[in-house]
Amino acid sequence: MERRYLLGNEAIAHACLESPVDFICGYPGTPSSEVVDILRMQPERNFYIEWSVNEKVALENALGAAWCGIRALCTMKHVGLNVAADPLMTSSYTGVTGGLVIMSADDPFAHSSQNEQDSRMYAKFAKVPCFDPGSIQEAHDMVRDAFLFSEDIGLPVLFRPTTRICHSKGDVTLGDLRVSGRTGQFNRDPAQYVVIPAHTRVLHKKLNGKQASIKERLVELGYNKAEVRGRDAVIASGIAVSYVSEIIPHSTSFAKIGAYPIDEAWLKEFVSRHERVLVIEELSPFVEEEVLQVAGTIPVFGKKSGNAPYEGELSPAAVGRIMKSAGFATNYDFPVANYPPDAPPRPPILCAGCMHRAAFYAIKKVFREGIFPSDIGCYTLGLQLGGVDTTICMGASITVASGIAHSGEKRDVVCTIGDSTFLHTGIQGLMNAVYSNAAITVVILDNRITAMTGHQPNPSTGITACGVPVPPVSLEAICRSCGVLYVETVDPYNLTLMVNALKEAKARPGVKVVIARHPCVISARRAGISRRPYDVDSEKCTACGTCVRFGCPAIEMGGEKAVITDGCSGCSLCAQICPSGAITPGVRK
Amino acid sequence: MKESYDILVVGIGGQGTILASNILGEACMIENRPVKGAETHGMAQRGGSVESHIRIDGRFGPLIAPGTADIIIAFDMLEAFRYSYYLRPGGKIITNRRLVVPTSVFMQGLPVPTDREILGRLSGYELCVIDAEGLAKEAGSLLTQNIVMMGAASQFIPLKTESLVQSVSRLVPPKTLEANLKAFELGRVAGSSC
Ligand code: SF4
Ligand code: SF4
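From a predicted model like this one, the values you see are computed outputs, not experimental measurements. Note on numbering: residues in each chain are counted from 1, in written sequence order. Written order determines the labels here, with chains lettered from A and ligands numbered from 1. Where local features are concerned, this predicted model is filtered to residues with pLDDT of at least 70; where side-chain atom pairs are given and counted, the filter is 80 or more; whole-chain, interface and lining totals use all residues. Water and hydrogen atoms play no part in the side-chain values, which are based on all heavy atoms of the structure.

What follows covers the overall build of chain B. Strands here mean DSSP runs of E at least two residues long; helices mean DSSP runs of H or I at least four residues long; both are numbered from the N terminus. Along chain B, the regular secondary structure elements total 8 helices and 6 strands. Starting at the N terminus, the α and β elements of chain B follow one another as β-α-β-β-β-α-β-α-α-β-α-α-α-α. Using C-alpha atoms as the atom set, the radius of gyration is obtained and then compared with a globule rule of 2.2 Å times the number of residues to the power 0.38. On C-alpha atoms alone, chain B measures out to a radius of gyration of 16 Å, which is about the 16 Å that the 2.2 N^0.38 rule sets for 194 residues. Its C-alpha atoms give chain B principal-axis dimensions of about 50 × 40 × 35 Å. Relative accessibility thresholds used throughout: buried, under 20% of the residue-type maximum; exposed, over 50%; partly exposed, between the two (1.4 Å probe, protein chains only). Expressed as a percentage of the 194 residues in chain B, the buried residues total 61%. Residue contacts follow a heavy-atom distance rule, with two residues in contact if any of their heavy atoms lie within 4.5 Å. Once local pairs closer than 6 in sequence are excluded, the contacts in chain B between residues at least 24 apart make up 64%. Working convention for charge: Lys and Arg count positive, Asp and Glu count negative, and His plus the chain ends are omitted. Positions of charges follow a simple convention, taking NZ of Lys, CZ of Arg, CG of Asp or CD of Glu. Chain B carries 19 positive and 19 negative side-chain charges, and their two centres are separated by 1 Å.

On to helix H3 (residues 55-67) of chain A, then. Residue and element names in this part refer to chain A. Under the 1.5 Å per step criterion, the end-to-end length of H3 is 18 Å for 13 residues, consistent within 8% with the ideal 18 Å. Those residues of H3 lying buried are Glu 55, Ala 58, Leu 59, Ala 62, Leu 63, Ala 65, Ala 66 and Trp 67. Side-chain atoms alone can form a polar contact between residues adjacent in sequence; in general such a contact is a pair of N or O atoms within 3.5 Å, and within protein one must be able to donate a hydrogen while the other accepts it. For H3, the side-chain oxygen to backbone nitrogen distance between the N-cap and Lys 56 is 3.0 Å, and the N-cap itself is Asn 54. One fewer than the residue count of a helix, multiplied by 1.5 Å, yields its expected span.

All right, on to the interface of chain A and chain B then. Tallying the contact residues gives 57 residues for chain A and 51 residues for chain B. By buried area we mean how much accessible surface two parts lose on assembly, using a 1.4 Å probe and totalling the loss over both. Both faces combined, the contact of chain A with chain B buries some 4500 Å², and carbon together with sulfur accounts for 61% of it. It is Tyr5(A), Lys169(A) and Arg346(A) that lose the most area in chain A upon contact with chain B, and together they represent 20% of the buried surface on that side. Salt bridge, as applied in this entry: a Lys or Arg side-chain nitrogen positioned within 4 Å of an Asp or Glu carboxyl oxygen. Across the contact surface, chain A and chain B share 6 salt bridges. Here Lys169(A) and Glu39(B) are joined by a salt bridge, their closest N and O atoms 2.9 Å apart. Applying the counting rule to chain A against chain B returns 21 residue pairs in polar contact (both at pLDDT 80 or more). Side-chain classes follow a simple rule in which Ala, Val, Leu, Ile, Met, Phe, Trp, Tyr, Cys and Pro form the nonpolar group, Asp, Glu, Lys and Arg form the charged group, and the remainder, Gly included, forms the polar group. Here the side of chain A that touches chain B is built from residues that sort into 31 nonpolar, 15 polar and 11 charged. Of the pairings in the sheet, the one linking strand S8 (residues 168-174) of chain A to strand S2 (residues 35-39) of chain B comprises 3 bridges and is antiparallel in character. Looking at S2(B), one finds that Lys169(A) is bridged to Gly37(B). A pair of strands counts as paired when DSSP detects no fewer than two bridges linking them.

Let us now look at the state of the cysteines. In this description, the term disulfide denotes a pair of cysteine sulfurs within 2.5 Å. Scanning all chains against the criterion turns up 1 disulfide over all chains. Between the sulfur atoms of Cys128(B) and its disulfide mate Cys194(B) the distance is 1.9 Å. Given an S-S torsion of about 70°, the disulfide between Cys128(B) and Cys194(B) has right-handed geometry. Of this pair, Cys128(B) sits in strand S6 (residues 126-130) while Cys194(B) sits in the segment after helix H8 (177-192), and the two are 66 residues apart along the sequence. Of all cysteine sulfurs in the structure, the one in Cys25(A) sits closest to Cys466(A), which takes part in no disulfide; the separation is 12 Å. On the accessibility criterion, Cys466(A) (29% relative accessible area) is partly exposed.

Let's shift gears to the sheet that holds strand S10 (residues 232-237) of chain A. Residue and element names in this part refer to chain A. Taking strand neighbours across the sheet as the criterion, the 5 strands line up as S9-S11-S10-S13-S14 in an open arrangement whose pairing is mixed. Two strands in the sheet have a free side with no partner beyond their single neighbour: strand S9 (224-227) and strand S14 (300-301). Across 2 bridges, the pairing between strand S13 (residues 276-280) and S14 is parallel. Considered in S14, the bridge of Leu 278 is made with Phe 301.

Moving on: the environment of Met142(A). All names here are of chain A. Among the secondary structure elements, Met 142 is positioned in helix H7 (residues 136-153). Distance from Met 142 to Leu 203, taken between C-alpha atoms, is 27 Å for residues 61 residues apart in sequence. With sequence-adjacent residues up to four places away left out, Met 142 is seen in contact with Phe 131, Asp 132, Pro 133, Phe 159, Tyr 223 and Gly 258.

Here we take up the pattern of salt bridges. Residue and element names in this part refer to chain A. As enumerated under the stated definition, the model contains 46 salt bridges over all chains in all. Here Asp 118 ties to Arg 160 by a salt bridge, and the two come within 3.4 Å at their closest N and O atoms. Of this pair, Asp 118 sits in the loop between strand S5 (100-105) and helix H6 (120-126) while Arg 160 sits in the loop between strand S7 (157-159) and helix H8 (163-166), and the two are 42 residues apart along the sequence. There is no split in this pair, since Asp 118 and Arg 160 are both buried. The residue Glu 227 makes a salt bridge to Arg 229 at a minimum N-O spacing of 3.6 Å. It is possible to trace a salt-bridge network through shared partners that takes in Asp 106, Asp 118, Arg 120, Asp 132, Arg 160 and Glu 281.

All names here are of chain A. Residue Pro 20 follows Ser 19 across a cis peptide bond; omega there is -15°. With respect to the secondary-structure elements, Pro 20 resides in the loop between helix H1 (8-18) and strand S2 (23-26). Cis geometry is found at the peptide bond from Tyr 260 to Pro 261, where omega equals 0°. Here Pro 261 is to be found in the loop between strand S12 (259-260) and helix H12 (264-271). At Arg 448, a residue that is not glycine, the phi angle is positive and equals roughly 65°. The backbone of Ser 572 sits at a positive phi, close to 80°, despite the residue not being glycine. Considering the arrangement of structural elements, one finds Ser 572 in the loop between strand S21 (561-564) and helix H22 (573-577).

That's the geometry; what it means functionally is another story.
Here it is as C-alpha cells:
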C-alpha cells in the first residue's frame, strides 16, 4: 500500500487500475476529463480505452462491453448524462454481467458548466445505485467497490463525484495494480438484451424486485453510516460530510450518506433517536426528502425549512452558517470576511493568438447586424467579443440558429460551433437545417482538438486517445453529404480570405458552411510550432485602441501607446487590423 | 482551534499555481503528514483568476474558509489583493511584484489599477513583495518564477526546506532542475529579508 498526494481524478483513475477495469470510454467534460486522460497516458495499458464522440455513444459502447462480462468505466460530466440518458434508463432493465460504472461528475456552483443539475436524480429515475463520495479517499475506495457491487447486483452503478472531489487533492492510500486477464464473450439471451415490450415488462418487474436488497447491501458496505452522540443529529452527504466533520461537536449525532438508495428502516431508526435533525447536502434536497419521509413529527431542518441553499456549492463557512441558523452547535466560528468589491474581475479569456478571436472578428465585420447562436467550448468566451448571443447545450448552435431563422426574424443568423462539438451532436442539426431549408451560416471553428477540457483528440485530430494515427474525419465531406452546397474552408489567420468567405456565404441562400481551420495555439505550441512575435512601433501608433479592443491578452495599453507583451504568439491579426500599420513582426526571443 | 496550516496560492491561469500546490503536497508526503487541497481547473485556466488551497496537516475538507488562511502566496499583485480577504488576522502575504492588468480592463476602458494603488490597499497586511521576474531571470529561466515564490514562502511555511527542495527536484522536468533549484534558493534568500 502506497500513500500519495493526488488529484481526486487521479485517485479515481488509480482505483480503476486496481480493480482492474478492462474497458474505458467517455466524452471529456469538466470536472471529469482527467480520469480518461490519465488512463490513456499510462505507459502500459492492459485495457481498451477510447474518447468517444459523445456520451450516448460512450455509454452504449461501455454497455456492450459489460454485456460481454468485462469491467467497463464510462465517464462524463453531469450534463453529458442528459445525452446518455436514453441508454441509461433502459440499461437498468437489461442489467449487466461485467461491472459497469458510469461516472457522472457534478458541478455545484457551475464552475465550468451551463447548469447545476444533480446526477443523483438520474440514479433514482433509472433505479440504479449511486455512490456519492465525501472525500478523495472515499472516491477511490468507492470506485473499487462499485465494480464489484455492479457485478453482484447485475446493474450499472452511477458514481457521482463533484468538482470539489475531482479537482481536490489529498493524501490517498492506494492499493496494488492488477491485471485482469478477462476477455469479453457475448452470451446470446434475447429475453435480457432485446427490450421488446414482452421482455421489458418482465425486466422492469425484476429491476423493482432488486431494490430492497440493494438498500440493505449499501448499509452493509458501510457507505451509509451513523453515530448517535446526542439529541441533535446532522445528516450530510457527499463533500458536505468533510465540511461538517470539521466543525461538528462531539455531542451532536452524525450520519454520513455516501450511497443511494438509502435504506428507510436504517434511516428511520437513526432519525427516531433524535429531537431535531439537520440535513446538509449540495444541490437538490435528495437526502432531505428521504429523511422527511421517515421523520414523522421530528423537526427536520435543511433546504425546505429555509436554512440551506438549493443552489451553488457548500463550503466550511457555509456549513457553519447553516448549522448556526438552524440552532445547531458548532465548535468553530468562522470569521466574516468579504471579497473586495472593487477588485477588477479577471475572467478567463481566449488565448493570445487563438483562432476563435480572429474568426469572431471577421464574423462581426461581415455580419454587423447578425444574430450569433453559439455552442460549448473555448469559443463560448467569444461572448466578450460580442460574438455569442446564445448557448444552451452541446450542439445547440445550429439547431437554435434554424429555429431563429424560421421564426420570421429578418436579420442574418450566423452560428459558431467547434469541431468536437460539431461531431458530438452538431451533425444532426446541420442535416435538419438543410432538410428544412433554413437560411443560416454555420461557422465551424475547427482547431482540430477538444481544447476547453484539456486538449483531447477527437475524430478530426487524426489520432486516437492512445496516440495511434487514424484517418481524420472530413468535416467538408460530412457537410456536403448533408446537402450543404456552399462549404468553404479558410484559415482565419488570413483575415481577407476569412472575410471573403463569409461575404460569399452571406450572399447565398439556404445553409452555408464556412470551416475556419487553424490549430489551437496551445496544442501547436506543444507540437513545437512557434511564430515570430509582433511589436508595436510607438512612433506610428496613434493610440486609436483598435488592437486593444480586439481583445488579445498580449496587447496592453502602456501609458499612451499600445504595447505587445511576451505573451504574443504571433498570429498577426493585430497587425492586419491596425489602421496605422504600426504593428510588425518583431525579433524572435 | 484549527489544526491545519492553510496556504492559499493565487495567480492567473497558466502561471503554475498547480505545480506550486503539488510541490507543497509532495513535501507533506515526504514528511509523512496529512494534507488536503483544492484547485481551479477548466475554463478559468484560460487566463482567468485561479486559486489553489493547500491545508498542511489537513484531515477534513479541501477548502480554506475566508479569514482563516495562514499565508497567501500570490503570483500577481492584483490577485493578492483579490484574495486578501482569505487571510487570518496576523497572516502573511507573499506576493510577486508583477501586476498583469486584466485584458477586460483595457477592452472596457475601466480604470487601470496601478502597482502603487494595489500596494496601498495591501498595506494593512504583513506583506512580502518579491521580484520573481528578476530573480527567475537570474536563475536562468523566466519560467521559474513560481519556484522563486515557493522559495520565498518557504521561510514561513512549516515544512522543512530539505523536503521542499526534494519535492521540487521530483516534480520539475529534469532538464530545468538546475534553474529551478537556483530559483528556489534565490527566492529563499529574498524571503529571508521580509
Ligand atoms: S486553448 Fe486553444 S482553443 Fe482554447 S482559447 Fe486557447 S488557443 Fe483558443
Ligand atoms: S500577433 Fe497580435 S493579436 Fe496575435 S497574439 Fe500577438 S499580440 Fe496578439
